[in-house]
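Reading the structure
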Amino acid sequence: MVRSLPENMPWRLLYCGRSRASMPFLGELAGDERVTVVAEDENGRPDLDALTVPEDAAVYCCGPQGLMAAVEECFPAARLERFAPRTDTDGNHAFELELRCSGRVLTVPAGSSVLAAVRAELPDTPYSCAQGFCGTCQQRVLEGEVEHQDELLTDTERADSMLICVSRARSGRIVLDL
Ligand code: FES
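Residues numbered from 1 in each chain as written. Predicted model: local features only at pLDDT ≥ 70, side-chain atom pairs only at ≥ 80, totals over all residues. Heavy atoms only, no water.

1. Details of the side chain of His148
- Tracing the backbone through its elements, the reader meets His148 in the loop between β8 (146-147) and α5 (155-158).
- Given a relative accessible area of 13%, His148 falls into the buried group.
- Within polar-contact distance, the side chain of His148 engages the backbone oxygen of Arg158 at 3.3 Å. (Helix = DSSP H or I, 4+ residues; strand = E, 2+ residues; numbered from the N terminus. Buried < 20%, exposed > 50% of the residue type's maximum accessible area, 1.4 Å probe, protein only. Polar contact = N/O pair within 3.5 Å; in protein donor to acceptor, adjacent residues only side chain to side chain.)

2. A few points about the nonpolar core
- With 24 residues, the main nonpolar core has Leu97, Leu99, Val114, Val118, Met162, Ile164 and Leu176 as its most contacted residues.
- Going through the elements one at a time, β5 (95-99), β6 (104-108), α4 (114-121), β9 (161-163) and β11 (173-176) are the ones with two or more residues in this core.
- Broken down by element, this core gets its largest block of residues, four residues, from α4.
- Apart from the residues lying within four places of it in its own chain, the contact partners of Leu99 are Arg104, Leu106, Val118, Glu121, Leu122, Leu176 and Leu178. (Core = buried A, V, L, I, M, F, W, Y, C linked by side-chain atoms within 4.5 Å. Contact = heavy atoms within 4.5 Å.)

3. Some words on the sheet that holds β9
- The five strands lie next to each other as β6-β5-β11-β7-β9, forming an open sheet whose pairing is mixed. Edge positions in the sheet fall to β6 and β9, since each has one partner strand and no second. Adjacent strand axes in the sheet meet at a mean angle of 40° when their direction is disregarded.
- Here β5 runs beside β11; their pairing, made up of four bridges, is parallel. Counterpart to Glu96 in the pairing with β11 is Arg173.
- Packing against the sheet, α4 makes contact with β5, β6, β9 and β11, and its axis sits at approximately 140° to β6. (Pairing = 2+ DSSP bridges. Axes fitted to C-alpha atoms, helices over the stretch in contact; angles between N-to-C directions.)

Spelled out as structure tokens, the structure:
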């Protein structure tokens, strides 16, 4: 979005995440005084009340529901654009997940994510938005049929990878290169 803004358009970005290690694009954004980075493990949660936003500003927010609700409460006069993950797939069944490099086989329960199952075993596995938007959690798929529930990957990328925060197995088992 920042890249696509016209040059004379004023903007500011409040970029929040759990830790800097989990936040993509930091290198590209570093040094831009219009960007405020808030890493929760260093700075705690963002202080939305301290922000001032012109009344005619458009506020675009992408993040967990709690943050979305807080932003909406703070900026009721501003236009809030929501981005929501797809909800038109069922995918809500348990399945087996093999992490081939680690030699582990896990169960991903119904209503839980591949990301949660993977991070329980491999806590350093990167992620950020946890909603299928940023691509940080993309992993290579070695076997199995994936129910893709993101809006980010191209068909070519979907042929051999998945965003593990939202996508699931269509059935049976999937095998990741982890
Ligand atoms: S963590 Fe952002 S797409 Fe999965």
